[in-house]
Every structure is written in C-alpha cells, then in structure tokens.
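Structural features, examined
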Amino acid sequence: MNTKTMQGLVGAQVNMNLLDTPFRVYKEARRKGDTATMERAMGYVRDFSEQADEYKARADEGMRQDAEDAEEKMRADREEAIMERRKEREEFERKLEEKRDGNRESDTVEISEEGRTLSETARTKGGGAENTDSEAEAALTEETGMKKSPVIYRKNGEVSPQEQGGKLSVSV
C-alpha cells in the first residue's frame, strides 16, 4: 500500500472522529440558544471537514498510483513470461533440429563382402533394373557356393531361428 494512501486514510479517519466533539458542542449551544458558541463550533466542524476532504483526496491519489503501479508490474510480468516462453520454444526447436540433424548423420550403411560381390556381379551381368532378386541370389550362390535363406532379426540384433517346413493356413 502506498504511503499517500495510508496517510490519507488515517488522516480522514482522525478528522472524522474529531468532528464529533465540535458538533456535540454545537448541539448543546443550540439547545441553550447560545449563537456565538454555535458559530464557533460550526467553524471547527467546517475546518475538520475540509481537512478530512483533503486527506480523502490524498488517499484517492495514492490508490490511483497503487493501481498504476500494479498495472505496470502486471504488464512487466506478462512481458517477462512472453519472453521466457519464446526462449523455451526456441530452445525446444533448436534441440529438435539438432536431434533431426543428429539422426541423419548417425545412420551408416556397411556393405559386406558378399554384398559387394553381389553388386559387382549384378553390374557385370547387365545389372541395373533388369536384374531381379532371384538372379542376384543365383549369381551369389554361383560365386560363393552358398545359398542364402531369408533371415529374421530380433530387436536386439540377434538372428531368429526359422522353423522349416511349417504349414501356414489362413481362415477367412
């Protein structure tokens, strides 16, 4: 709370309390018919009332300043929150971009000797698009003396054994 607000509220309260005494004197003088005492008492009432109004104006000014300060603080807090959110978003986007770039660089392909041999064989036999998988497998078997069978890998990278001769039936 602003000091002007506090001074205004306390001053107005004190002057309103001080009004009670001269007003009581005024009422007593009116009952007795003493006009001089009545005028003097009303002068005190007027003075205290004016002072109370001045303190009320000071309190109003202090409350207006408090409201402006609170609004300014709220605006600054809002701007700070916006800037913080922007920084967080930029940091997140930067990390996301690094992750995307990192994944591109980390993937590598290694071609085994058999793959290189198969590739060379496919090129020398007129390779390219006309060479089918069965022709490539035949060429590999011809050069290496081994027949390749399909292989299934597990999640950890081990070769999963295949069951030979299993029957497959599908019911619809």
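A brief look at the structure comes next. (Residues numbered from 1 in each chain as written. Predicted model: local features only at pLDDT ≥ 70, side-chain atom pairs only at ≥ 80, totals over all residues. Heavy atoms only, no water.)

**What about the environment of proline 22?**
As for its placement among the helices and strands, proline 22 is situated in helix α1 (residues 3-32). For the pair proline 22 and arginine 40, spaced 18 residues apart in sequence, the C-alpha to C-alpha distance is 8.6 Å. Those residues in contact with proline 22 that lie beyond four places of it in its chain are Ala41, Tyr44, Val45 and Phe48. (Helix = DSSP H or I, 4+ residues; strand = E, 2+ residues; numbered from the N terminus. Contact = heavy atoms within 4.5 Å.)

**Side note on the pattern of salt bridges**
This model, assessed by the stated rule, comprises eight salt bridges. Across the salt bridge formed by glutamate 61 and lysine 4, the nearest N and O atoms sit 2.7 Å from each other. Of this pair, glutamate 61 sits in helix α2 (residues 35-106) while lysine 4 sits in helix α1, and the two are 57 residues apart along the sequence. The exposure class assigned to glutamate 61 is partly exposed, which follows from its relative accessible area of 31%. As a salt-bridge pair, glutamate 113 and arginine 116 come within 2.8 Å of each other at their nearest N and O atoms. A residue pair is termed a helical-turn pair when its members lie 3 or 4 positions apart in one helix, as glutamate 113 and arginine 116 do in helix α3 (residues 113-124) at three residues. Here glutamate 113 falls in the exposed class, since its relative accessible area comes to 55%. Looking at arginine 116, the relative accessible area reads 43%, which means it is partly exposed. Shared partners join several salt bridges into a network, and the residues in it are Glu91, Arg94 and Glu98. (Salt bridge = Lys/Arg side-chain N within 4 Å of Asp/Glu carboxyl O. Buried < 20%, exposed > 50% of the residue type's maximum accessible area, 1.4 Å probe, protein only.)

**Observations concerning a nonpolar patch on the surface**
Nonpolar side chains collect at one region of the surface, where Met1, Met6, Leu9, Val10, Val14 and Leu18 lie side by side and expose about 570 Å² of accessible area between them. Among the secondary structure elements, valine 10 is positioned in helix α1. Here valine 10 falls in the partly exposed class, since its relative accessible area comes to 48%. (Patch = residues over 30% accessible without salt bridge, like charges linked within 9 Å, V, L, I, M, F, W, Y side chains within 5 Å. Areas by Shrake-Rupley, 256 points an atom, 1.4 Å probe, with all protein chains shown as cover.)

**Details of the side chain of asparagine 15**
Structurally, asparagine 15 can be placed in helix α1. Asparagine 15 gets classed as buried once you look at its relative accessible area, which sits at 4%.

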